[in-house]
Amino acid sequence: MQIMKEVIETGDFDFYPVEHHIIDSSTDGKKVEIKWSDGHLSKFHFIWLRDNCPCCIHPDTREPIFNIVSMPDDLLIYSVSTTQEGFLEVIWSGEPHTSYFHPGWLRSHCFDLLKKPFPEPLTWDSKNKKEPDRFDWNEIISDPKTERKWLYSLVETGCSIIQNVEPSKNGLIQIAKRIGVIRETNFGLTFDVEAKTGPDTAAYTEIGLPPHTDLPTREYQPGLQLLHCLKNSVKGGESILVDGFRVAEEIRLKEPETFDLLTSVPWDFGNRSTLTDYRWKTPMIKLDNNGKIEEIRVGNFLRVPLQIDFDLIEPMYKAYKLLETLNHDDRFKLRFRLEQGECLIIDNRRILHARDSFDSSTGERHLCGCYIERDELWSSIRMIERRNRQKRMNSALNQ
Ligand SMILES: [Fe+2]
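Predicted model, so just to flag it, every value in this text is computed and none were measured. (Residues numbered from 1 in each chain as written. Predicted model: local features only at pLDDT ≥ 70, side-chain atom pairs only at ≥ 80, totals over all residues. Heavy atoms only, no water.)

**Student:** Report on the coordination of the iron ion, specifying residues and quantitative values.
**Tutor:** Coordination of the iron ion by the protein involves His212 (NE2), Asp214 (OD) and His353 (NE2), with metal-donor separations of 2.1 to 2.2 Å. Read from N- to C-terminus, the donor residues coordinating the iron ion fall into the pattern H-x1-D-x138-H. Separated by 141 residues along the polypeptide, His212 in strand β11 (residues 209-212) and His353 in strand β21 (residues 351-355) bring together distant segments of the chain. (Donors = N, O, S within 2.8 Å, 3.2 Å for Na, K, Ca; no water. Helix = DSSP H or I, 4+ residues; strand = E, 2+ residues; numbered from the N terminus.)

**Student:** Give a description of the confidence of the model for the chain that names residues and reports values.
**Tutor:** Residues with a pLDDT of 70 or more make up 98% of the chain, whose mean pLDDT is 94. A low-confidence stretch, residues 1-7 (pLDDT under 50), is modelled with 10 contacts involving residues beyond four sequence positions or located in other chains. (pLDDT = per-residue confidence, 0-100. Contact = heavy atoms within 4.5 Å.)

**Student:** I'd love a proper account of the pairing of strand β23 (residues 365-372), names of residues and values included.
**Tutor:** Extensive coverage of β23 is indicated by the burial of 8 of its 8 residues. A two-sided burial pattern is seen for β23, the buried positions comprising Arg365, Leu367, Gly369 and Tyr371 on one face and His366, Cys368, Cys370 and Ile372 on the other. Relative to β23, strand β9 (residues 182-183) runs antiparallel, the two being bridged by 2 bridges. By the bridge assignment for β23, Arg183 is matched with Tyr371. Sheet topology places strand β10 (residues 191-193) next to β23; 3 bridges connect them, and they run antiparallel. Bridge pairing in β23 places Asp192 opposite Cys368. (Buried < 20%, exposed > 50% of the residue type's maximum accessible area, 1.4 Å probe, protein only. Pairing = 2+ DSSP bridges.)

**Student:** Tell me about the pairing of strand β8 (residues 159-163), residues and numbers included.
**Tutor:** Burial within β8 is extensive, with 4 of its 5 residues counted as buried. Summarising the sheet, strand β7 (residues 133-136) and β8 pair through 4 bridges and their orientation is parallel. In the strand pairing of β8, Asp133 is matched with Ser160. Judged from the 4 bridges that link them, β8 and strand β20 (residues 343-347) form a sheet pairing that is antiparallel. Paired with Ile162 across the two strands is Cys343, which belongs to β20.

**Student:** I'd like to hear about the packing of helix α4 (residues 144-157) against helix α9 (residues 374-397), residue by residue, with values.
**Tutor:** Contact geometry for α4 and α9: axes closest at 10 Å, N-to-C directions at 140°. As far as their axial angle goes, α9 and α4 are oblique. The chirality of how α4 crosses α9 is left-handed. Contact with α4, carried on its side by Glu147, Arg148, Leu151, Tyr152, Leu154 and Val155, involves Leu377, Ser380, Ile381, Ile384, Glu385 and Asn388 of α9 and no other residues of that element. Grouping the constituent residues of the contact of α4 with α9 by class yields 7 nonpolar, 2 polar and 3 charged. (Axes fitted to C-alpha atoms, helices over the stretch in contact; angles between N-to-C directions. Parallel < 35°, antiparallel > 145°, perpendicular 65-115°, else oblique. Left-handed = near helix turned anticlockwise from the far one by under 90°. Nonpolar A, V, L, I, M, F, W, Y, C, P; charged D, E, K, R; others polar.)

Right, here's the structure in full:
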């Protein structure tokens, strides 16, 4: 048998518990049909199988080394069968090559069973949500199930609060690094949100901040924002969140023409700093290829004069007014007070954040923040699921 222990069986670093076995396979040369032990049928195309042959993977990096340029034009499948170990054996016609596919890997790549990798966002408003989901930092770092729940909550609701965090910059960095790499910006690796003399943005004053996303002025708006409360003894300064996806869906439903403008006409974002001149021009609501809302950009204090077709100026201001009016509507707001040792995490491309004005003569308010990207979160979730698959495989092997 050619399948040796040292041969890479699946072509990657993941784990594929074999929960279904191949009981039959056939080919017409161009596609393979597989019947599984639970009765499910899978189809795989010859070119896809050849491209993903696990022996055409670098043994260390596990990156593909198969190059389509070297693929014979007359490549077809000569025969398929199942090995004693349950692998799919594919003998090729057109080149002297045989491929072996791991049944767990094949099943997890069945085109009819492709699962969405992450849950859909569960949009909320003040009726169905009262405050962000809360998690305890010590439980997150000691219990993988709690950590998984926390990360999925971030994907679904776009926000969470972690309690019992060391009230320091170090406490913030520990949380950020638990998810991934911190994205440094012109405000630094981390930034201190407190009333400052000579502020370079509205966040560094005492004034109330309207609902906004951070850095809509940048080509790539940060994916996640962490705001860790180091001190909060002032009068005022309550935190406010708005689910931007929920507001956008409201506009899509009730004012479809306005929705079309907000998703198609670019808007001018820009900072007005003495040191930097970041600008970005893009619609305030971005849709993905399937028309689903992917990103919101809003920042009343992060705008520069609108420069679009003259005839669109008035309708766009009207559209902007509706969007901002809804963003300020109590129907969509969560309001809470961030206390010392609590770290708020939001999906900055979905959840708008705001704060009430505060009076710094009544105490101190000091938040420390940083950014990380959404795909750091997705990578963390995939790694948790990979470890869970590994555990399932190990427990099956030990039975
Ligand atoms: Fe902000």
